[in-house]
Protein chains: 2
Amino acid sequence: MAKIKSTKNGTKKEIIVETAARLFHEKGFSATSMRDLAEQVGVEAASLYNHIRSKSELLQEICFKVANEFTVNIEQVDTIHQYAIEKVEALLRFHIKQMIYRYENVYVSDREWKHLTDPYLSDYQHQRRVYRKRFATIIEEGIKKNEIKQMDAPTAVLIMLHAVSGIESWHRSRKKISAELLEENMVMILVEGLKSSTAFK
Amino acid sequence: MAKIKSTKNGTKKEIIVETAARLFHEKGFSATSMRDLAEQVGVEAASLYNHIRSKSELLQEICFKVANEFTVNIEQVDTIHQYAIEKVEALLRFHIKQMIYRYENVYVSDREWKHLTDPYLSDYQHQRRVYRKRFATIIEEGIKKNEIKQMDAPTAVLIMLHAVSGIESWHRSRKKISAELLEENMVMILVEGLKSSTAFK
DNA sequence: GCACTTAACTAACGACCGTTAGTTTGTGTT
DNA sequence: AACACAAACTAACGGTCGTTAGTTAAGTGC
């Protein structure tokens, strides 16, 4: 068994991290034991340590993977689009898509980051703060150009970021509307709530 | 020590539950030990059991206390107001105020209810489902009367309920805007996003 | 075929978990 | 002064936690 790739779905470590994300989502970080995780992976608990350094490392991988995706995205969005309101919509749509298609990872990074330990905890908090700040700056810019009505930008950011986490309920609900319809409804409600009523555009 | 009331802030059990809410908020239910809790209350862990039956009971008290407050409120709101959009605004304002002034309890009931065990888990999920359903019905009613624009009502509910949980970030942020300003901004963004553009009212 | 590496295993460590049993302490009532 | 009793204490229970040590099996490259 000297293969570094075990199945076609990436390395064993990647499998472990994905399984951990699922369990952390289902039961929470603290309530998930390494023995739970091992069982789901199909291995003894001690064997996990051939692939990972610690339980904390699993949470770190999940949180920073997700955080980086958002950071990379806002970079792109900020350069591609011209109007602030377009940027906001693009950011919102990305959040929605991540919440739909990479649900477990995003959920864990949103809800369980508190169990990170320093220095990772501080790094993570910093990265999120910077992201929210940048998001707020885009909204400020939109307000100045009269694309977006007068409002407290950080509050608008907070509403958007948390509104999308409501997709959690969508995932849990028995009879769901389609992902596309969900996205369009969310964008409509949230983006229309921002637009200036006297917008020229 | 034969007093049933220990301080002026209610019974010892109430103190324990409030302290538990604070710790469950800070560290999560699973990561909070009875010894942690005891230390914060100023007592040995075993002594807690003179006042409570189990750790689970603490979570139950918190979750159902909060859930009942929302249930009672929607009852009142539904009878007091006439227009659907007014009902929605009243519900939203109540959620915001609860999130500001009873933050820890609401947060715990929102985030840690998964650690309830049956039959409490099922009861809680049912109560929340009924509440959301009722909220959605009010919005449907508003759509029918053209107070609220065409949209998927459950999605609107999900956005509102989760948007207010963003007040978590407000609590954590260093320089906050005032509670009043926060409420007005949130109401503006969210309620304006719902209103029909051809509303007669 | 032999060395090397990877990844599984069993066994166990010390720490901490929620909770119970049994006892002591202190206070208000008679 | 004696009693009742709430509420604190100490000690310990069986269990589970994350993790380490040491070993074994199996595939790779010479």
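A. Molecular detail of the confidence of the model for chain A. Residues and elements named next belong to chain A. When the pLDDT values of chain A are averaged, the result is 90; 92% of them are 70 or greater. Averaged over each element, pLDDT in chain A is lowest for helix 9 (residues 179–192) (92) and highest for helix 5 (residues 103–111) (97). This stretch, residues 1–8, has a pLDDT under 50; its non-local contacts, to residues over four places away or in other chains, come to four contacts.

B. Quick peek at the interface of chain B and chain A. Residue-level contacts link 30 residues of chain B with 30 residues of chain A. Put simply, the parts of the chain that give the side of chain B that touches chain A at least two residues each are helix 7 (153–164), helix 8 (167–172) and helix 9 (179–192) of chain B. In the side of chain B that touches chain A, the residues fall into 16 nonpolar, 10 polar and four charged.

C. Quick peek at helix 9 of chain A. Between its first and last C-alpha atoms helix 9 of chain A spans 20 Å; for 14 residues at 1.5 Å apiece the expected length is 20 Å, and the two agree. By the burial criterion, the buried members of helix 9 of chain A are Leu182, Glu183, Asn185, Met186, Ile189 and Leu190 of chain A. Down the axis of helix 9 of chain A, the buried side of the element spans an arc of 165°, and every buried residue falls inside it. With respect to the buried face of helix 9 of chain A, the exposed residues turned more than 90 degrees away are Glu180 and Leu181 of chain A. Each element contacted by the buried residues of helix 9 of chain A is listed here: helix 4 (84–101), helix 7 (153–164) and helix 8 (167–172) of chain A together with helix 7 of chain B.

D. Just the relation of the copies chain B and chain A, in detail. Between chain B and chain A, the superposition needs a rotation of 180° and an axial shift of 0.0 Å, giving an RMSD of 0.1 Å. In short, the pair behaves as if placed about a two-fold rotation axis. Rotation axis and chain B: the residue whose C-alpha lies nearest the axis is Gly193 of chain B, separated from it by 1.9 Å. Of the interface residues in chain B, 100% have counterparts in chain A that sit at the interface too, so the contact is made through matching surfaces.

About the cut-offs
- Residues numbered from 1 in each chain as written.
- Chains lettered and ligands numbered in written order.
- Predicted model: local features only at pLDDT ≥ 70, side-chain atom pairs only at ≥ 80, totals over all residues.
- pLDDT = per-residue confidence, 0-100.
- Helix = DSSP H or I, 4+ residues; strand = E, 2+ residues; numbered from the N terminus.
- Contact = placed C-beta atoms within 7 Å.
- Nonpolar A, V, L, I, M, F, W, Y, C, P; charged D, E, K, R; others polar.
- Expected span 1.5 Å × (residues − 1).
- Buried ≥ 20, exposed ≤ 12 C-beta atoms within 10 Å, placed from the backbone.
- Arc of directions from axis to C-beta.
- Least-squares fit on C-alpha atoms with pLDDT ≥ 70 in both.

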